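Structural characterization, general
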Amino acid sequence: QPGAAFKFDWCPNLGRGTVAPDRVYPGDAYVDYVGADVYDHGWWPGYKDPVKRWNELMNQSYGLRWQRDFARAHGKKMSFPEWGVVERADGHGGGDNPYFVERMHAWIGANNVAYHNYFEVDMPGAPIRLMTGRFPKAAAAFRRLFGPQASATKRGAAKRGAAKRTAAKRAKPRRPAARHRAARP
C-alpha cells in the first residue's frame, strides 16, 4: 500500500550453509536488520555439553559473533526472528537447557538488538514450545529473565539509573549557555 512502512530483516541461517551468507547480502540500501535464527542444537564434537554447544553457536563460521560484527560493519541492528531450546528426534537438541536461555538473554542485552522472538511452535520431530511443561527448567529461566517481573525489574533499574544521572548533572557546575543570533535574510 502507498505510504506503508516496511522493514526488511535479512536473516540467513546461523552458520555456513551451502552458500556463505556474506556472499548473498543484498546490500545496505535494502536491509534494515541483520537477523539470525538460533536454536540450541549442535553436531560438533562435544555437542551434548551445553557450554560447548553455546560456544560453537558463538564462534562457528557465520555464528553469533559474525552476525554481530557484520551488523556493526553495516550500521544495522541485529534481530532474532526465531530462537529456542529444542529436543530433536536425532538426539542433537539441547532439550531442557536453562543455560541456553540465560546466554541468549545476556547476548541480546549486550548487543544492539532490534527485536527477538522465542519460537513457541513445535516442529515435526523437534519440540520447541517452552510453555507446555516439556522444558520446565528452560521455561523458568525464560520467565525469570524475559517475563513481566523481569521487565518491571529492568524498568526500576532504568529509573534508578536515570535518577542517578540527573542527580550527577545537577551536582556539576553549569556553564552559562552560549547565545547565538540567527542571521536574518
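Residues numbered from 1 in each chain as written. Predicted model: local features only at pLDDT ≥ 70, side-chain atom pairs only at ≥ 80, totals over all residues. Heavy atoms only, no water.

Here we look at the packing of helix H3 (residues 98–110) against helix H4 (residues 136–146)
Formally: With axes taken as lines fitted to C-alpha atoms, and helix axes fitted only over the stretch in contact, angles between N-to-C directions fall between 0 and 180 degrees. Helix numbering and strand numbering both begin at the N terminus, where a helix is a DSSP run of H or I of at least 4 residues and a strand a DSSP run of E of at least 2. Throughout, the term roughly parallel applies to angles under 35 degrees, roughly antiparallel to angles over 145, roughly perpendicular to angles from 65 to 115, and oblique to all others. Helix crossings are classified by the rotation of the near helix relative to the far one: an anticlockwise turn of less than a right angle makes the crossing left-handed, while a clockwise turn makes it right-handed. Contacts are residue-level and defined by heavy atoms, with any inter-residue pair within 4.5 Å sufficient. Gly is put with the polar residues, along with every residue not named as nonpolar or charged; the nonpolar set is Ala, Val, Leu, Ile, Met, Phe, Trp, Tyr, Cys and Pro, and the charged set is Asp, Glu, Lys and Arg.
Across the interface, H3 lies against H4 with an axial gap of 7 Å and an inter-helix angle of 25 degrees. Relative to H4, H3 is oriented roughly parallel. The element H3 and its partner H4 pack so that their crossing is right-handed. Note on element contacts: H4 touches H3 through Lys137, Ala138, Ala141, Phe142, Arg144, Leu145 and Phe146, opposite Pro98, Val101, Glu102, His105 and Ile108. Its residues placed into classes, the contact of H3 with H4 shows eight nonpolar, one polar and three charged.

Details of the environment of Glu87
Selection rule: The classification of residues rests on relative accessible area computed with a 1.4 Å probe and restricted to protein chains. Under 20% of the type maximum is buried, over 50% is exposed, and intermediate values are partly exposed. For the purposes of these results, a polar contact is taken to be a pair of N or O atoms within 3.5 Å, where, inside protein, one atom must be able to donate a hydrogen and its partner to accept one; residues adjacent in sequence count only when each atom of the pair is a side-chain atom.
Here Glu87 shows up in the loop between strand E4 (77–85) and H3. A residue is classified by how much of its surface remains accessible, and Glu87, at 31% relative accessible area, is partly exposed. Residues Glu87 and Pro127, 40 residues apart in the sequence, show an inter-C-alpha distance of 5.5 Å. Excluding anything up to four places from it in sequence, Glu87 contacts Gly95, Gly125, Ala126, Pro127, Arg134 and Phe135. A polar contact is formed between the side chain of Glu87 and the side chain of Arg134, at a distance of 2.6 Å.

Thoughts on the packing of helix H1 (residues 50–59) against H3
Describing two packed helices takes the angle between their axes plus the distance from one axis to the other. At their nearest, the axes of H1 and H3 sit 10 Å apart, and the two run at 35 degrees to each other. The handedness of the crossing between H1 and H3 comes out as right-handed. Residues Pro50, Val51, Trp54, Leu57 and Met58 of H1 lie in contact with H3, whose contacting residues are Tyr99, Phe100, Arg103, Met104 and Trp107. When its residues are assigned to classes, the contact of H1 with H3 shows nine nonpolar, no polar and one charged.

Thoughts on the pairing of strand E5 (residues 113–118)
Test applied: Here a strand pair is declared whenever DSSP counts at least two bridges between the two strands. A right-handed crossover is one whose linking path, passing over the helix from the first strand to the second, runs clockwise when the strands point away from the viewer.
Pairing analysis gives four bridges linking E4 to E5, with the strands arranged parallel. Bridge pairing in E5 places Phe80 opposite His116. What joins E4 to E5 is H3, and the crossover it makes is right-handed.

With respect to the nonpolar core
The test is simple: For our purposes a nonpolar core is just a set of buried Ala, Val, Leu, Ile, Met, Phe, Trp, Tyr and Cys residues, chained together by side-chain atoms within 4.5 Å.
In this structure, Val38, Leu64, Phe80, Trp83 and Val101 are the most contacted members of the largest nonpolar core, which totals 36 residues. Mapped onto this core, the elements with two or more residues apiece are strand E3 (38–40), H1, helix H2 (64–73), E4, H3, E5 and H4. When residues of this core are assigned to their parent elements, the largest contribution, six residues, is made by H4. Beyond its immediate chain neighbours, meaning those up to four positions away, Phe80 contacts Ala36, Val38, Leu64, Gln67, Met104, Trp107, Ile108, Val113, Tyr115, His116 and Asn117.

With respect to the side chain of Asp37
The test is simple: Only four residue types enter the charge count: Lys and Arg as positive, Asp and Glu as negative, with His and the chain ends excluded. Put simply, a salt bridge is a Lys or Arg side-chain nitrogen that is within 4 Å of an Asp or Glu carboxyl oxygen.
Among the structural elements, Asp37 can be located in the loop between strand E2 (33–35) and E3. Although Asp37 is buried, it forms no salt bridge, and the closest oppositely charged side chain is Arg88 at an N-O distance of 12 Å. There is a polar contact of 3.3 Å between the side chain of Asp37 and the backbone nitrogen of Glu82.

Details of the packing of aromatic side chains
When we look at a pair of aromatic rings, we describe it by the centre distance and by the angle of the planes. Under the convention used in this document: Stacked, edge-to-face and tilted labels apply to pairs of Phe, Tyr and Trp rings (six-membered ring for Trp) whose centres lie within 6.5 Å, assigned for plane angles under 30 degrees, over 60, and everything in between, in that order.
Applying the stated criterion to the full structure yields 14 aromatic pairs. Summarising the aromatic geometry, the rings of Tyr62 and Trp66 are spaced 4.9 Å apart at their centres and angled 70 degrees between planes, so their arrangement reads as edge-to-face. A relative accessible area of 15% means that Tyr62 is categorised as buried. By the ring-pair criterion, three or more aromatic residues cluster together here, those being Trp54, Trp83, Phe100, Tyr118, Phe142 and Phe146.

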